[in-house]
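One-letter residues, chain by chain:
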Amino acid sequence: MIEISHITKRFGKKAVLDDFSLDIDDDQIYGLIGYNGVGKTTLLKLMNGIYRPDSGCVKVDGAVVFENAKMKQNIFLMTEELFLLQQASISDMANFYRGYYPGWDQSVCKDLANLFGLDMQKRIGGFSKGMLRQVGILTAFSSGCKYLFLDEAFDGLDLGIRLVMRQILKLYVRKKNATVVLTSHNLEELEECADRFGMI
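For every chain, the first residue of the written sequence is number 1, and numbering continues from 1 onward in sequence order. In keeping with the model being predicted, local features are shown solely for residues with a pLDDT of at least 70 and side-chain atom pairs are shown and tallied solely at 80 or more, while totals for entire chains, interfaces and linings include all residues. The side-chain figures draw on all heavy atoms in the structure; neither hydrogens nor water molecules are used.

1. Concerning the overall build of the protein chain
Put simply, DSSP marks the helices as runs of H or I at least four residues long and the strands as runs of E at least two long, and each gets a number from the N terminus on. Within the protein chain, the secondary structure is distributed over 7 helices and 9 strands. A radius of gyration in this sense is built from C-alpha atoms; the matching globule rule multiplies 2.2 Å by the number of residues raised to 0.38. For 200 residues, the compact-globule formula gives about 16 Å, and the C-alpha radius of gyration of the protein chain, at 16 Å, lands near that figure. Principal-axis analysis of the C-alpha atoms places the extent of the protein chain at approximately 45 × 35 × 35 Å. Within the protein chain, the proportion of its 200 residues that are buried is 49%. We call two residues contacting when some pair of their heavy atoms lies within 4.5 Å. Long-range pairs, those at least 24 residues apart, make up 68% of the contacts in the protein chain with a sequence separation of at least 6. Calculation of accessible area relied on Shrake-Rupley with a 1.4 Å probe; when residues are assessed, cover is drawn exclusively from the protein chains displayed. Taken as a whole, the protein chain presents about 9,800 Å² of accessible surface, with 49% of it coming from carbon and sulfur. In the protein chain, the 24 positive side-chain charges and the 25 negative ones have mean positions that sit 5 Å from each other. A simple rule labels every residue: compare its accessible area, found with a 1.4 Å probe on the protein chains alone, to the largest value its type can have, and call it buried under 20%, exposed over 50%, or partly exposed in between. As used throughout, the charge tally considers Lys and Arg to be positive and Asp and Glu to be negative, leaving His and the chain termini uncounted. All charge positions are set by atom: Lys at NZ, Arg at CZ, Asp at CG, Glu at CD.

2. Topic: the packing of helix α4 (residues 106–116) against helix α5 (residues 129–142)
Pairs of packed helices are described in terms of their axes, by the angle between the two and the distance that separates them. At a minimum axis distance of 9 Å, the contact between α4 and α5 shows a crossing angle of 155°. Taken together, the axes of α4 and α5 lie roughly antiparallel to each other. α4 and α5 meet at a crossing whose hand is right-handed. Residues Val-108, Cys-109, Leu-112, Ala-113 and Phe-116 of α4 form the contact with α5, whose participating residues are Gln-134, Ile-137, Leu-138, Phe-141 and Ser-142. Considered class by class, the residues forming the contact of α4 with α5 number 8 nonpolar, 2 polar and no charged. Each axis is a line fitted through C-alpha atoms, and for a helix only the stretch in contact is used; angles between axes span 0 to 180 degrees, taken between their N-to-C directions. Angles are sorted into four bins: roughly parallel if under 35 degrees, roughly antiparallel if over 145, roughly perpendicular if 65 to 115, and oblique for all others. Each crossing gets its hand from how the near helix is turned against the far one by less than a right angle, where anticlockwise is left-handed and clockwise is right-handed. Residues are sorted three ways: Asp, Glu, Lys and Arg are charged, Ala, Val, Leu, Ile, Met, Phe, Trp, Tyr, Cys and Pro are nonpolar, and all the rest, Gly among them, are polar.

3. Re the sheet that holds strand β8 (residues 179–184)
Between any two strands, at least two bridges found by DSSP are needed for them to pair. In space, the 5 strands of this open sheet follow the order β6-β7-β8-β3-β9, with parallel pairing throughout. The open sheet is flanked by β6 (75–78) and β9 (196–199), the only strands paired with a single partner. The sheet shows a mean angle of 15° between the axes of neighbouring strands, direction not considered. Pairing between strand β7 (residues 147–151) and β8: 5 bridges, direction parallel. Directly across from Asp-151, in β8, lies its bridge partner Thr-183.

Shown next as structure tokens:
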């Protein structure tokens, strides 16, 4: 379970989130809706322990996430800032992430690369925006984490991949007893796959 209690996060004098609270139960896809710039990505980074709240508390499975290395091994965050070395291949990055996530599943990585038509030996630096998003998706699902946080997960994907993505999300939650938090500014995208919704 994700418990967010009265958090405030400021950047300079601007409060991006102010006295914000939210609980997300286990084993579901939670859709977080909001316009660009309202704090969705900031909230995900607080849930992942990348940012420390100025006040309030963020807990996952009852533990504070910030500076909790053990907890972070079971949490995966996908944003446009996902760490991908431009000179590396998907295979190289799989080896990197496999060393960090104990539940990494290399067979899932290979299967999704084949499904998306991605060459695992090709340099990532030559990939389009849509291809990079697909690499982020396959990395998230290969991680085997109980908690996936996917920021604008459908952005840059064509219709066929979006339809496949919805099915993969539901399968992952069912097989892993996982919780997935999706953000989007497009309600229609989330309506097709989310079990519950929140607005920010």
